[in-house]
Amino acid sequence: MVVLGLAGIVLLATLHEQRTLPTPDAGASDVLASVPPPLTAAEEAYAAALWPIHSDVKVSAVQMTFAGLSYKLGELDRGGLHVRLHGLNERFAAATVQLRQLQPPASMQTLHGEYREALRLYQEAVVEMVRVIDDGRDAHLLDAQAQSEKAAAILMKLSDALWPGEYKPN
Amino acid sequence: MHQWQGVSTRWWGWMSLLGLGLITMTLGAVPSWAADETPQYSVWLVESSRFMRVPFGAFVPDRVFIPNSTDPQHNINTVDLPVNVGVIKGGKDVVLYDTGWKQQEYLKMTGSEHWAPLPEQLALLGIKPEDVTKIVIGHGHWDHAGQLEDFPNAMLYVQKEELQGIEWALTYPHPKISAVNTSPGGCNRTPACGYPPLTIDQIYGKVLRGKAVIVDGMMEIAPGLIIHPAYRAHTAGSQLLQVNTARGQLLFGSDAFSSWEGIRDWMVANVQQTDTVQQFLAYEKCYRITGGYDNCVSAHEPLSYSDKYPLTKNAWTGPNGSRMAELVLAPGEPSRKPK
């Protein structure tokens, strides 16, 4: 009797679920397919350790961009640009040292290497921008911007993988 | 005496008109009040991509979903939001209002579908990337200021106030304030939300190449094309674009006009770095300039490309299921809508 009762409950529950669970349409499947798989514990630990480094790098990168922008728009002279760029290279170098101390899981080795490459590009960009202070040639800014944009693209790629945030309409 | 004075006044009046006519004929000039020479533009709307299943209440708070409600204001759970780009053609200009965003191998933007490259969409309108002369971005968010490098000849127009707002937010020392979309936990409505550094780098690239105009307030960028500031209507330096057309003035609003229903029914939408009073004042500007809400062009209106948003109803499907609409044609401009 008890067994039959339990079997009946299982049957009812199954039928109920089949009735109430929505069937995803093709569009929904496409959306779900684009959701990245969750990070493993080791990957999450790496992402958490990288976050404070990344926060500083992001701020420094944006400061570099806006220093160039202000200079180009005539809001800063070469002296002003020098002040705004001061210390950025050291901050990117410090980030590189901190990055080396992280132990990425095997699945994150490639991303880790790419991050190191982004930092190298940012450092080169700062060096290139500083040359403007010496000779005033805008070509340095263009070279620096190309490197900085490559680095920003790498950071975007990494961010998307490590902190897959929201892409709601902004 | 009085009668003579009256005759004399009329006589001088007729003589003045005659003199004005003679001067006009002599100079060959047409008085500005006699004929409006402002060019009329052709306008299309192109869907860069579509955000799928966005909770309606997150987009328009007054339309929040209430389970089991039969109230039409509250019985819709989620909506699909287009990312609309304006294409404006007239005289020597092809102008884009916003440029959508660029999908890349590593950047799929979860929850987004129907993305198509803007150059491919423009080709269907007979426009090549090098034909684009001007780009006006309604604001600098990633989904409105992408693909800039695909239009190397285009002059970018961005508000000074927008750049200042971005710099302040992105360099803010507290991570909560400077959080962007890919920060852990997302960014909700923080001051930096929507501004990944990559987008800013691309705007900077335009400035470095001498292909940007930093706008400070209102500016006529061509006859019949006027930028209006709408500070804080969505972001610090939001800007609208007024376009003279055969169906009257159109006003593009980017995310200051995220929802056309919002403009019609007076509801705030897509609140980001937004002062809601300023958003309502931007709506008011559209009523004032265009004479109502019909000609307000919205960036994310879910009813876009349908009869329910009449301005955009003359629509068809383009690359990868993206949609396009012909809003109005200038005299002599052939239709681009497939037969």
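Check the entry above for the structure.
Calculation rules
- Residues numbered from 1 in each chain as written.
- Chains lettered and ligands numbered in written order.
- Predicted model: local features only at pLDDT ≥ 70, side-chain atom pairs only at ≥ 80, totals over all residues.
- Heavy atoms only, no water.
- Helix = DSSP H or I, 4+ residues; strand = E, 2+ residues; numbered from the N terminus.
- Buried < 20%, exposed > 50% of the residue type's maximum accessible area, 1.4 Å probe, protein only.
- Contact = heavy atoms within 4.5 Å.
- Areas by Shrake-Rupley, 256 points an atom, 1.4 Å probe, with all protein chains shown as cover.
- Disulfide = S-S within 2.5 Å.
- Phe/Tyr/Trp six-rings, centres within 6.5 Å; stacked < 30°, edge-to-face > 60°.

Enquirer: An account of the overall build of chain A is needed here, citing residue identities and associated values.
Expert: The secondary structure content of chain A amounts to seven helices and zero strands. Every one of the 170 residues in chain A was classed for burial, and the buried ones make up 42%. Sequence separation of 24 or more characterises 75% of the internal contacts of chain A that already satisfy a separation of 6 or more. As displayed, chain A has an accessible area near 9,000 Å², and 62% of this comes from carbon and sulfur atoms.

Enquirer: Summarise the state of the cysteines; cite the residues concerned and give the values.
Expert: Residue and element names in this part refer to chain B. This model, assessed by the stated rule, comprises two disulfides over all chains. Cys187 shares a disulfide with Cys193; S-S distance 2.0 Å. Around the S-S axis, the bridge from Cys187 to Cys193 shows a dihedral of about 45° and counts as right-handed. The residues Cys187 and Cys193 share a single accessibility class, namely buried. Through a disulfide, Cys286 is tied to Cys296; the S-S separation comes to 2.1 Å. Between Cys286 and Cys296, the S-S torsion sits near -120°, and that sign places the bridge as left-handed. Remark: Cys296 occurs in strand β12 (residues 296-297) and Cys286 occurs in helix α7 (residues 276-290); sequence separation between them is ten residues. Counting its disulfide-bonded cysteines in sequence order, chain B shows a connectivity of 1-2, 3-4.

Enquirer: Summarise the packing of aromatic side chains; cite the residues concerned and give the values.
Expert: Residues and elements named next belong to chain B. Counting across every chain of the model gives 15 aromatic pairs over all chains. Aromatic side chains Tyr97 and Phe252 sit 5.3 Å apart centroid to centroid with 45° between the ring planes, which places their arrangement in the tilted category. Residue Tyr97 is located in strand β3 (residues 93-97), and its partner Phe252 is located in strand β11 (residues 248-252); the two are separated by 155 residues in the primary sequence. Across the pair, exposure class does not vary: Tyr97 and Phe252 are buried alike. Here the aromatic rings of Trp266 and Phe280 are separated by 5.5 Å at their centres, their planes lie at 20°, and the arrangement is stacked. With Trp266 in the loop between α6 (260-265) and α7 and Phe280 in helix α7, the pair connects residues that are 14 residues apart, well separated along the chain. The class for Trp266 is partly exposed, based on a relative accessible area of 39%. With a relative accessible area of 23%, Phe280 lands in the partly exposed category.

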